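Structural characterization, general
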Amino acid sequence: MARRCALLGGLLAAVCLAGTAHAADYAGPLFDAHLHYNEEAWNGQNGPHPPADVIARMKASGVRAIVANSRPNTGSLALAASKEVRDAGIAVVPFVRLYRNRDDYSNWFRDESIYEMVQAELAKGTASGPYKGIGEFHLYDSANADGPVAKKLMVLAEQRDLVVLAHVDDVAIDLLMANTPSKGQKLRLVWAHTGIGGAPVERVDALMARYPGLVGELSYRPGLVCDNEQLCPAWRALLLKYPTRFVIGSDTWVNQRWQHYEGLMKGYRSWLGGLPPALAQGVAFGNGAALFGVPVPGK
């Protein structure tokens, strides 16, 4: 590994070498900024992951806050209303998801009833307070960022200071930002997986520089972690450059992700332990806490 680092030269070599030494896993609280509690997990009556199960998994993993977005929104509402979640010391940040069913994945951006549903949900709020964001939504074709409902939702999000959680490619980031009143200078957008398809680090860097409210969420991100279970050099350098702009998430979109929840969080703790303590604490919890106004445990 040291020989590989030496071949890189300059800043990347220094960053790479800094990550080669064994470090203890990060031991602080985690903020799961991309969590689903979909109907396959629990629909209020049956399913393999009732509330007691998911709460136990979060507690065992040291997760102290979550962004809840679920298909349909009843899953998020259940977590937000749960006394057991509150008793476990887990803060719930509820988002309005755009999907009532799987058909909505490929049509939401032009379906006026989705816009009406979002407005109705925002008006109701949740048992733990108002919704803090919109999403997660998908765009399988980036051009659909210019769909009529997509445009209206970007305007709505910026006007109401709602965070957007978007599963899109880098082209769609530019299109979505262009549809806001500020042209992307005020909208806060969490980029699920920091780009589907593995946008190059240089492209991520350019978008971070262009849009001050863009935040990268790191689940499923190709090329993030190298063979030593630490961040690859280019990603380590990017997190050092933008220390307040990255968060972690589980993306429990299928039940298998719930079954491996503790392992997913342990993987984060491994590479977080290789970062400078202040950076690790920010990516693990502080950045999400600042984004959503959640208190940091122990402070």
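The notes below deal with the structure included here.

The rules behind each value
- Residues numbered from 1 in each chain as written.
- Predicted model: local features only at pLDDT ≥ 70, side-chain atom pairs only at ≥ 80, totals over all residues.
- Heavy atoms only, no water.
- Helix = DSSP H or I, 4+ residues; strand = E, 2+ residues; numbered from the N terminus.
- Rg over C-alpha atoms; globule rule 2.2 N^0.38 Å.
- Contact = heavy atoms within 4.5 Å.
- Areas by Shrake-Rupley, 256 points an atom, 1.4 Å probe, with all protein chains shown as cover.
- Buried < 20%, exposed > 50% of the residue type's maximum accessible area, 1.4 Å probe, protein only.
- Polar contact = N/O pair within 3.5 Å; in protein donor to acceptor, adjacent residues only side chain to side chain.
- Lys, Arg positive; Asp, Glu negative; His and termini not counted.
- Salt bridge = Lys/Arg side-chain N within 4 Å of Asp/Glu carboxyl O.
- Core = buried A, V, L, I, M, F, W, Y, C linked by side-chain atoms within 4.5 Å.
- Axes fitted to C-alpha atoms, helices over the stretch in contact; angles between N-to-C directions.
- Parallel < 35°, antiparallel > 145°, perpendicular 65-115°, else oblique.
- Left-handed = near helix turned anticlockwise from the far one by under 90°.
- Nonpolar A, V, L, I, M, F, W, Y, C, P; charged D, E, K, R; others polar.
- Arc of directions from axis to C-beta.

For the rest of this paragraph, the subject is the overall build of the protein. When you go through the protein residue by residue, the secondary structure sums to 13 helices and 8 strands. For 299 residues, the compact-globule estimate of 2.2 N^0.38 gives 19 Å, and the protein sits close to it at 19 Å. Contacts in the protein between residues at least 24 apart in sequence constitute 76% of all its contacts with a sequence separation of at least 6. A total accessible area of about 12400 Å² is found for the protein, and carbon and sulfur atoms account for 56% of it.

Before going further, it helps to examine the environment of N107. Relative to the helices and strands, N107 resides in the loop between β3 (91-96) and α6 (112-124). Among the residues examined, N107 registers a relative accessible area of 28% and is labelled partly exposed. Along the backbone, N107 and K59 are 48 residues apart, and their C-alpha atoms lie at a distance of 36 Å. A polar contact is formed between the side chain of N107 and the side chain of R110, at a distance of 2.8 Å.

This part takes up the side chain of N287. By secondary structure assignment, the location of N287 is in helix α13 (residues 277-292). The exposure class assigned to N287 is buried, which follows from its relative accessible area of 10%.

Turning our eyes to something else, we now look at unusual backbone geometry. When glycine is set aside, most residues are seen to have a negative phi, and most peptide bonds are trans. The omega angle of the peptide bond from R71 to P72 is -10°, so this bond is cis rather than trans. Take P72: it is sitting in the loop between β2 (63-68) and α4 (74-81). Here G135 and E136 are connected by a cis peptide whose omega angle stands at 5°. Tracing the backbone shows E136 in strand β4 (residues 133-138). The phi torsion at K183 lies on the positive side, around 55°, for a residue other than glycine. With respect to the helices, strands and loops of the structure, K183 is situated in the loop between α8 (170-178) and β6 (189-191).

As for its placement among the helices and strands, R257 is situated in helix α11 (residues 255-259). Although R257 lies buried, it forms no salt bridge, and the closest oppositely charged side chain, D251, sits 5.4 Å away as judged by the N-O distance. The contact partners of R257, leaving out residues within four places of it in the chain, are S219, Y220, S250, D251, T252 and L264.

Across soluble globular proteins, nonpolar side chains have a tendency to be buried as a group. With 78 residues, the main nonpolar core has W108, F137, L153, L189, L239, W271 and L272 as its most contacted residues. Among the elements that make up this core, the one with the highest residue count is helix α7 (residues 148-159) (6 residues). Beyond its immediate stretch of four places on either side in the chain, W108 contacts L98, Y99, I114, F137, H138, L139, V149, A150 and L153. Listed in part, the 17 residues of the second largest apolar core include F31, A33, A65 and L291.

Packing of α6 against α7 leaves a shortest axis separation of 9 Å and a crossing angle of 20°. Taken together, the axes of α6 and α7 are roughly parallel relative to one another. Our pair here, α6 against α7, has a crossing hand that is right-handed. Here α6 contributes E112, Y115, V118 and L122 to the contact with α7, which in turn contributes V149, K152, L153 and L156. Broken down by class, the residue content of the contact of α6 with α7 amounts to 6 nonpolar, no polar and 2 charged.

Time to look at helix α3 (residues 51-60). Every buried residue of α3 is listed here: V54, I55, R57 and M58. Buried residues of α3, viewed axially, fall in a sector of 160°; they line one side. Opposite the buried face of α3, at more than 90 degrees from it, the exposed residues are A52, K59 and A60. The inward-facing, buried residues of α3 abut β1 (30-35), β2, α4, α5 (83-87), α11 and α12 (261-272). Taken from the residues just after α3, G62 is the one with a positive phi, measuring 75°.

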